[in-house]
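Each chain, written out:
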Amino acid sequence: MTTDWTPAALSRDIPAASAAPGQLGETDLAIWRSASGRIAAWSDRCPHRGMRLSHGFVRGERLSCIYHGWGYGEGGQCVRIPAHPELTPPEAIKVPVFAAAEASGVVWVADGTPAGAPPEFPGFEGFRSLRIHAPATVLARAFGGAGHVIEGTLGPCAVVALIQPLPGNVSALHLLAPEGAGPATLDALSLAAEALRRTAEAQAEQAEEETA
Amino acid sequence: MSDQGAMRDHWYPVGMTKQLTAGGRDTLLMGEPIRVYLDNGAPAVSDGTGRSLPVIDRFGHVWTSLGAPNRDLFTIPEADQPGRRLVDVGVCRVRCSPLRAVENFLDIAHFPFVHTDILGSEPHTEVQRYEVEIREDVDEVWATKVKFYQPQAAKSAEGGITTDYMYRVCAPTCSVLYKTCPPKPGEWDVIALFVQPLTETLCEVWPWMALYDDAAEMTDLIHFQQMIFVQDRSVLENQLPALLPLDPGMEIPTRADMTSIAYRRWLKRHGFTYGAQLVAA
Ligand code: FES
Ligand SMILES: [Fe+2]
């Protein structure tokens, strides 16, 4: 169990009144934003029949499951069962909830209560998330750094690279670009990110062959 | 290989009779490779070692078993009534437990959310109390007096109506539903779901219908049913865990799920656990 913040998505990829799948270690998450803009990270499993909540729909401040429409509010509490409109759902029907907070356009999640707020990167904002088939260490090395938070240069500009290890030798790369960067710079940055992906995946494949 | 348990000695659909060829269809039954083919014009099935498996040709499909079934395949007497159109819908492969596919077929509460504006619509989401029993004489699960408001209950339905349903589970991976038939009040349309377990988490679903609808084109009837099933698939492939939990605790049912509760109890009682998990993980 970790009480450190893990970068799990970019704020821009989860607009108001939407949900998306995410991960925290081995745990599948439904990351969603209410109509008023509140971000939340819940277990990606509806307690009723196990449907992924990341496929659900958001109305107002509730996330509803797409299978039978059960609605969940504050703290993951089930507040509505459409098959029984008169029923007040028992308190025991609750989705496990994780900590979620936003900083510099990144959605950070944690299991438990982290000591402080997630890190800010002044002058940078969330640009793109990529899913890369390479372990975090290989990805960091391909970038020319180490660790999970790397400040450096990629293609045309300075960037912050947040590397999220995922199960199965996969990583997510959450890339932050300079605030106000123009379209040409961002296009070039996108190409550089794709190239980095190819390099990291080739190196991971090579490492795998050598150990095989 | 996972334990086939008591399900080994039951019948499963493995192909559509009309589509058989001498060359055959290579497929899987509960993890074992089998071939379904025409032998001198008659349906035949053999396993990976060349052993011949028992065959029944019924409801437009070929049925077989890896074990030794001690009873005949179920019948659907209503399907023999004159004037019905028999519709082989075809196959739909789904990455889910065969048991989850059957359970979804027994469920009406999802209509407004998964089959929006077709089989259900908000705010008509309420599931009235209905009756469920395990009929010991035939060893089947039955749900009766099921009612649901539907905007377009069938291809032949115009406008919204409250539809009456009956559900029947007649084999571990087969269910038949009876529903009000718009063109012929007092009669029931018959829709069956025959599920072929390829593995514990992969199945092929063969819907089959015996309808009084005589106006619609056959291809429209097939497309309607396929569209419904594609919507179900988007849910079935995203349930966690993939295996159907038979022990209480992992999932939380309500009164609307009485059929599903009875189905799970019936599966557990018979040791029909291929595609199920017993202990809450
Ligand atoms: S599985 Fe979520 S509401 Fe039924
Ligand atoms: Fe359905």
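Residues numbered from 1 in each chain as written. Chains lettered and ligands numbered in written order. Predicted model: local features only at pLDDT ≥ 70, side-chain atom pairs only at ≥ 80, totals over all residues. Heavy atoms only, no water.

## Re the overall build of chain A
Consideration 1: Check the secondary structure of chain A and you find two helices and 14 strands.
Consideration 2: When the backbone C-alpha atoms are referred to their principal axes, chain A occupies close to 60 × 45 × 30 Å.
Consideration 3: In chain A, which comprises 212 residues, the share counted as buried stands at 50%.
Consideration 4: Across chain A, every contact between residues at least 6 apart in sequence was considered, and the portion connecting residues at least 24 apart equals 51%. (Helix = DSSP H or I, 4+ residues; strand = E, 2+ residues; numbered from the N terminus. Buried < 20%, exposed > 50% of the residue type's maximum accessible area, 1.4 Å probe, protein only. Contact = heavy atoms within 4.5 Å.)

## Some words on a negative patch on the surface
Residues and elements named next belong to chain A.
Consideration 1: Together, E205, E208, E209 and E210 give the surface a local cluster of negative charge.
Consideration 2: Inspection of the secondary structure assignment puts E210 in helix α2 (residues 183-211).
Consideration 3: For E210, a relative accessible area of 63% corresponds to the exposed category. (Patch = residues over 30% accessible without salt bridge, like charges linked within 9 Å, V, L, I, M, F, W, Y side chains within 5 Å. Areas by Shrake-Rupley, 256 points an atom, 1.4 Å probe, with all protein chains shown as cover. Salt bridge = Lys/Arg side-chain N within 4 Å of Asp/Glu carboxyl O. Lys, Arg positive; Asp, Glu negative; His and termini not counted. Charge placed at Lys NZ, Arg CZ, Asp CG, Glu CD.)

## A closer look at the packing of helix α1 (residues 136-143) of chain A against α2 of chain A
Residues and elements named next belong to chain A.
Consideration 1: Where α1 meets α2, the closest approach of the two axes is 9 Å, and the angle between their N-to-C directions is 130 degrees. As judged from the angle between their axes, α1 and α2 are oblique. In this structure, the crossing between α1 and α2 has a hand that is right-handed. Only L196, T199, A200, Q203 and A204 of α2 make contact with α1, whose side of the interface consists of V138, L139, A142 and F143.
Consideration 2: Considered class by class, the residues forming the contact of α1 with α2 number seven nonpolar, two polar and no charged. (Axes fitted to C-alpha atoms, helices over the stretch in contact; angles between N-to-C directions. Parallel < 35°, antiparallel > 145°, perpendicular 65-115°, else oblique. Left-handed = near helix turned anticlockwise from the far one by under 90°. Nonpolar A, V, L, I, M, F, W, Y, C, P; charged D, E, K, R; others polar.)

## Here we look at the nonpolar core
Residue and element names in this part refer to chain B.
Consideration 1: Counting residues in each nonpolar core, the largest one holds 63 residues, and the members touching the most others are Y167 and Y263.
Consideration 2: Top contributing element to this core by residue count: helix α3 (residues 218-236), with six residues.
Consideration 3: Apart from the residues lying within four places of it in its own chain, the contact partners of Y167 are F105, L106, I108, F111, V141, W142, A143, V146, V176 and L177. (Core = buried A, V, L, I, M, F, W, Y, C linked by side-chain atoms within 4.5 Å.)

## With respect to the UniProt feature "domain: Rieske" (unreviewed entry) in chain A
Consideration 1: Taken from the UniProt record, the annotation "domain: Rieske" (unreviewed entry) applies to residues 5-109 of chain A.
Consideration 2: Helix and strand shares over residues 5-109 of chain A are 0% and 44% respectively, and the end C-alpha atoms of the span are 5 Å apart. (UniProt positions renumbered as here; feature names shortened; annotations may be inferred.)

## Overview of the domain arrangement of chain A
Residue and element names in this part refer to chain A.
Consideration 1: When the domains of chain A are assigned, the result is domain 1 (6-110) and domain 2 (124-211).
Consideration 2: Using C-alpha coordinates to define each centre, domain 1 is positioned 28 Å away from domain 2.
Consideration 3: At the interface, 14 residues of domain 1 touch 14 residues of domain 2.
Consideration 4: Buried area between domain 1 and domain 2, both sides added, is near 1000 Å², and the carbon and sulfur share of it is 59%.
Consideration 5: It is P7, L10 and Q23 in domain 1 that bury the most area against domain 2; as a group they hold 43% of the surface buried on that side.
Consideration 6: Here domain 1 is connected to domain 2 by five residue pairs in polar contact (both at pLDDT 80 or more).
Consideration 7: Elements that contribute at least two residues to the side of domain 1 that touches domain 2 include exactly β1 (6-10) and β10 (106-110).
Consideration 8: Tallying contributions element by element places β1 first for the side of domain 1 that touches domain 2, with five residues. (Domains from an automatic or database assignment. Buried area = accessible area lost by both parts, 1.4 Å probe. Polar contact = N/O pair within 3.5 Å; in protein donor to acceptor, adjacent residues only side chain to side chain.)

## Describing the packing of helix α1 (residues 98-105) of chain B against helix α4 (residues 258-270) of chain B
Residues and elements named next belong to chain B.
Consideration 1: Between α1 and α4, the least distance of the axes is 10 Å, while the angle of their chain directions is 145 degrees. When the axes of α1 and α4 are compared, the crossing they make is right-handed. For the pair α1 and α4, contact is made by L99, R100, V102 and E103 and by S260, Y263, R264 and L267, respectively.
Consideration 2: Of the residues contributing to the contact of α1 with α4, the split by class is four nonpolar, one polar and three charged.

## As for α4 of chain B
All names here are of chain B.
Consideration 1: Across its 13 residues, α4 extends 18 Å between first and last C-alpha, which sits within 8% of the 18 Å expected from 1.5 Å per residue.
Consideration 2: Listed in full, the buried residues belonging to α4 are T259, S260, A262, Y263, R264, W266 and L267.
Consideration 3: Buried residues along α4 sit against α1, β10 (131-135), β11 (140-150), β12 (161-171) and β16 (244-245).
Consideration 4: Phi for G271, located one or two positions after α4, is positive at around 70 degrees. (Expected span 1.5 Å × (residues − 1).)

## A short note on the coordination of the iron ion (ligand 2)
All names here are of chain B.
Consideration 1: Each protein donor to the iron ion (ligand 2) is listed here as H110 (NE2), H115 (NE2), D232 (OD) and D232 (OD); together their distances run 2.0 to 2.6 Å.
Consideration 2: Its four donor atoms give the iron ion (ligand 2) angles of 55 to 152 degrees at the centre, a pattern that matches the irregular case.
Consideration 3: Sequence spacing among the residues donating to the iron ion (ligand 2) works out to H-x4-H-x116-D. Of this pair, H115 sits in the loop between α2 (111-114) and β10 while D232 is found in helix α3, placing the two residues 117 residues apart along the sequence. (Donors = N, O, S within 2.8 Å, 3.2 Å for Na, K, Ca; no water. Tetrahedral: all angles 85-135°; square planar, octahedral: opposite > 155°, others 65-115°.)

## Details of the pattern of salt bridges
Consideration 1: Counted according to the given criterion, the structure contains 29 salt bridges over all chains.
Consideration 2: The salt bridge partner of R168 of chain B is E140 of chain B, with a shortest N-O separation of 2.8 Å. Residue R168 of chain B is found in strand β12, and its partner E140 of chain B is found in strand β11; the two are separated by 28 residues along the sequence. With respect to burial, R168 of chain B and E140 of chain B carry one shared label: buried.
Consideration 3: One continuous salt-bridge network, built from bridges that share partners, spans R45 and R49 of chain A together with R100, E103, E251 and R264 of chain B.

## Structural notes on the sheet that holds strand β7 (residues 71-72) of chain A
Residues and elements named next belong to chain A.
Consideration 1: The sheet built from four strands is open, its strands ordered β5-β6-β7-β8 with antiparallel pairing. Two strands in the sheet have a free side with no partner beyond their single neighbour: β5 (57-59) and β8 (78-80).
Consideration 2: Of the strand pairs in this sheet, β5 and strand β6 (residues 62-64) are connected by three bridges, and their pairing is antiparallel. Paired with R59 across the two strands is R62, which belongs to β6. (Pairing = 2+ DSSP bridges.)

## Observations regarding the interface of chain B and chain A
Consideration 1: Across the contact, 28 residues belong to chain B and 24 residues belong to chain A.
Consideration 2: Both faces combined, the contact of chain B with chain A buries some 2200 Å², and carbon together with sulfur accounts for 53% of it.
Consideration 3: Counting the contacts that link chain B with chain A gives five salt bridges.
Consideration 4: Between R45 of chain A and E251 of chain B there is a salt bridge whose closest N-O contact spans 4.0 Å.
Consideration 5: Counting across the chain B and chain A interface gives 18 residue pairs in polar contact (both at pLDDT 80 or more).
Consideration 6: Those elements that provide at least two residues to the side of chain B that touches chain A are α1, α2, α3 and α4 of chain B.

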